[in-house]
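# Reading the structure
Next come the chains, spelled out residue by residue.
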Amino acid sequence: MANTSLTELERDVANMIIEALELEDITADDIEPEAPLFGDGLGLDSIDALELGLALQKRYGIRLDSDAEENREHFASLRQLSALVAERRSD
Amino acid sequence: MTPSCHAAPSLTRCPWLSGAVNDIVALSGQQVRTRGELIQAIRSWANTPLPAGRDVALYDSDPWRFTAALLGLWHAGHRVWLPGDNLPETVNHLHQRDLILLGEFPQAWVPPPPVSDMMPEPGLPPEQEAVVLFTSGSSGEPAPIFRTLGQLEAEVAAFERHWPLAQGVVISQVSHQHTWGLTAGLLRALATSHPFGLEIVTWPETLAEWLMNVPVSALISSPPQLSRLPESTTGMPDRAPGRIFSAAAPLPHDAAVQAEALMGSELIEIYGSSESGAIAWRRPCQDTTWQALDDVMLRCDGERTLLRSRRLPEPEQWHEQADHIQLLDEHPARFTLHGRADRIVKVAGKRVSLEGLAHHLKAFPGVLDARCLTIDHSGGRVGAIVAMSSDCIAHDHDTRRALISDLRQHLARAFEPVVLPRFWRFVQRFPVNAQGKLTRAMARHLFDDLDDRRQPRWLDLESSTPDQQRITLEIPERLAALEGHFPERPIVPGIALIHWARQQAERLFGEQDQWRDMRRVRFPAPLLPGDRAVMTLSRQRGDLNITVASHRGQHLQMRLLGVDPMPDHGESS
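Residue indices follow the written sequence of each chain, beginning from 1 at its first position. All chains are assigned letters beginning with A, and all ligands numbers beginning with 1, in the order in which they are written. At least 70 in pLDDT is required for a residue's local features to be given in this predicted model, at least 80 for side-chain atom pairs to be given and counted, and no such filter applies to totals for whole chains, interfaces and linings, which use all residues. The basis for the side-chain values is all heavy atoms of the structure; hydrogens and waters are excluded.

### Thoughts on the side chain of His410(B)
What counts here: Each helix is a run of DSSP H or I of at least 4 residues and each strand a run of E of at least 2, with the numbering of both proceeding from the N terminus. Contacts between residues were defined by any pair of non-hydrogen atoms, one from each residue, lying within 4.5 Å.
Topologically, His410(B) is positioned in helix H10 (residues 397–412). Filtering out sequence-adjacent residues up to four positions away, His410(B) remains in contact with His360(B), Ala363(B) and Phe364(B).

This is the structure in structure tokens:
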């Protein structure tokens, strides 16, 4: 069943993550919007973070700053990442 | 029956050319072939003009035709490449090497008539390069291995010193296109003037028939065949083969005990590799340790295993062997075997042992076996092939996801996140080739859906009978056909199921059968992303019935109608 707690943009960003990282066993509906993307939550790692950076640029024209601390905040959850996209998208 | 020759076994002295012309050199239950016939066939090949300066590749599943061609080509001074199969990928590879293809190839070279009728000389130089075999490919791409006549002779002679053949026929269940079937099944018979079997005895039923009809001095076999013997002696004849030999992959202990009990003869297991030939032996019903063959020396240097053997290009030098052993005695070497030396790979800059990952996976409840490899996706992540007992295997999206999460957590205690497998393929047992090995190429095929998003994951082909095939498949969550079908609740479109069914029908039965139409197509229940299902294809007269079913029910039923040989008289269904 569709996870109704995702907004349209969140679903879009979730699909971008799945596509970019070639995640096999996860659909957008499996991603809890508030759950951490890295570590215990979705289980993403440091290499995935780099891939996501590229995907954000390609899909939404967003260039991440090199400030690691700030990026960690953006990547904290699907909801946070979607907020970043909403704020800075230029596609 | 041909009296066995007591001279030392030899290939260089060409014993196949000497002896009475009516000696029986090969036979089956129905047919015998004489030395005269063999010499005639060899002579024809030996005098066949081949394009100058090019090597030849020979693939022929028929032992008689193969033997005649191989020996004839040797007498003409050729070295012969022996591919393990004649699949399109292999043929391409042989074309790239500019080889002349002889035998069962789609576009085989048609030999012109012999230019003379000269009798071949009964002598061949031991240094002549005789065959080029290929490594099994379980630890990499298949690589060519060159073998001289002297090396082949040394292997045959070692077998004969350890276990002299009793009178009777040498019959084989393994292909002569591979090193084990070639030396043990064919060359040993030729070198000792014992008749060989005119057929490869693939099925247990035909094996019983052979044992009933002909006296068998040695049965050359391997684990896939010995693991599929009937469970009781009913139907097995009283006549026992002189000895049973198994090689090419580890033989499960149960299968060894079963084979000895069923056939009433001693089973010898040979350990070796395509690179080094035969190395050691044991009787698996009694021994857990291996003993080196009498012309092989082994020693350990730290973690490394070193080997000296007359089967190797420089018999006086120590060669490194890929398997780990623990040496218990030195002369003669007695040892226990501890599997392939490790493969260390780098994933995202981190070094990881693929063996180590697999080893940890095997400790997880329900996991029977595991293999890890790097996959050319997502920047070179690890893929895991996990064999699980059927009650532990996942059947749909949620259970699969939960299982993967558990396995990742289990591994995360010992490994860094980036090296944890990202791609998972669950099977009930490893797919293996005729030698019982999961090759690198076969392992990669399990991940083919990553490169073609129109395909499901094809996981497991179990051949029940020649008329029925069952294939396990899984629906990838990112399958192309799921897009927009439907956005809120994706299901696999019927058209995709039909397409897969037709593809598999073509692949598995297309050589024998043709179909003109399909009928009775039903989609009883929808198939969802993440579902695991079994496609069954059954031949019924000329037609092919195809179903796809999962633990939730049936997802496809259809029938492909065969092409009637005589449309006017054929019944229509």
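### Remarks on the sheet that holds strand S15 (residues 296–301) of chain B
Residues and elements named next belong to chain B. Test applied: We treat two strands as partners when DSSP finds at least two bridges between them. All axes here are fitted lines through C-alpha atoms, helices being fitted over the stretch that makes contact, and every angle between N-to-C directions spans 0 to 180 degrees.
Read from one edge of the open sheet, three strands run S15-S16-S17, paired in antiparallel fashion. Only two strands of the sheet have a single neighbouring strand rather than two, namely S15 and strand S17 (319–321). If you compare each strand with its neighbour and ignore which way they point, the axes differ by 35° on average. Alignment of S15 against strand S16 (residues 304–309), held across six bridges, turns out to be antiparallel. Looking at the pairing, Asp301 lines up with Arg304 of S16.

### Remarks on the interface of chain A and chain B
Under the convention used in this document: Accessible-area loss on putting two parts together, using a 1.4 Å probe and summing over both, is the definition of buried area adopted here. One speaks of a salt bridge when a side-chain nitrogen belonging to Lys or Arg is within 4 Å of a carboxyl oxygen belonging to Asp or Glu. The term polar contact refers here to a pair of N or O atoms within 3.5 Å; inside protein, the definition further demands a hydrogen-donor-capable atom paired with an acceptor-capable atom, and it admits residues adjacent in sequence only when both atoms are side-chain atoms. Residues are sorted three ways: Asp, Glu, Lys and Arg are charged, Ala, Val, Leu, Ile, Met, Phe, Trp, Tyr, Cys and Pro are nonpolar, and all the rest, Gly among them, are polar.
Taken together, the contact pairs 18 residues of chain A with 23 residues of chain B. Both faces considered, chain A and chain B share a buried interface measuring about 1800 Å² in area, 40% of it formed by carbon and sulfur atoms. Considering only the surface of chain A that becomes buried against chain B, Glu22(A), Glu24(A) and Asp25(A) emerge as the three largest contributors, covering 41% of it. Our enumeration of links across chain A and chain B arrives at eight salt bridges. A salt bridge links Asp45(A) to Arg381(B); the nearest nitrogen and oxygen atoms lie 2.9 Å apart. On inspection of chain A and its partner chain B, the count reaches eight residue pairs in polar contact (both at pLDDT 80 or more). Residue composition of the side of chain A that touches chain B, grouped by class: eight nonpolar, three polar and seven charged.

### Section: the UniProt feature "domain: ApeI dehydratase-like" (unreviewed entry) in chain B
Stated formally: UniProt positions are given in the numbering used here, feature names are shortened, and annotations may be inferred rather than shown by experiment.
Under the UniProt annotation, the feature "domain: ApeI dehydratase-like" (unreviewed entry) is placed at residues 465–548 of chain B. Secondary structure content for residues 465–548 of chain B is 19% helix and 37% strand, while the C-alpha to C-alpha distance between its ends is 18 Å.

### Digging into unusual backbone geometry
Residue and element names in this part refer to chain B. Residue Pro332 is reached from His331 by a cis peptide bond, and omega for that bond is -5°. You can see Pro332 is positioned in the loop between strand S18 (323–329) and strand S19 (334–340). Omega for the peptide link from His485 to Phe486 comes to 0°, which places this bond in the cis form. Its location among the elements puts Phe486 in the loop between strand S26 (468–474) and helix H12 (494–509).

### Overview of the nonpolar core
It is characteristic of soluble globular proteins that their nonpolar side chains tend to be buried jointly. Residues and elements named next belong to chain B. Heads up, the rule is: Only buried residues count toward a nonpolar core, which is a set of Ala, Val, Leu, Ile, Met, Phe, Trp, Tyr and Cys residues joined through side-chain atoms within 4.5 Å. To sort residues, take the accessible area from a 1.4 Å probe on protein chains only and compare it with the maximum for the residue type: under 20% means buried, over 50% means exposed, and anything in between is partly exposed.
Trp16 and Trp74 are the most contacted members of the largest nonpolar core, which totals 68 residues. If near-sequence neighbours (up to four positions away) are discounted, Trp74 is found in contact with Val80, Leu124, Gln128, Ala130, Val131, Leu149, Leu152 and Leu187. In terms of nonpolar packing, the next biggest core, distinct from the first, is built from 27 residues, Val352, Leu354, Cys372 and Phe415 among them.

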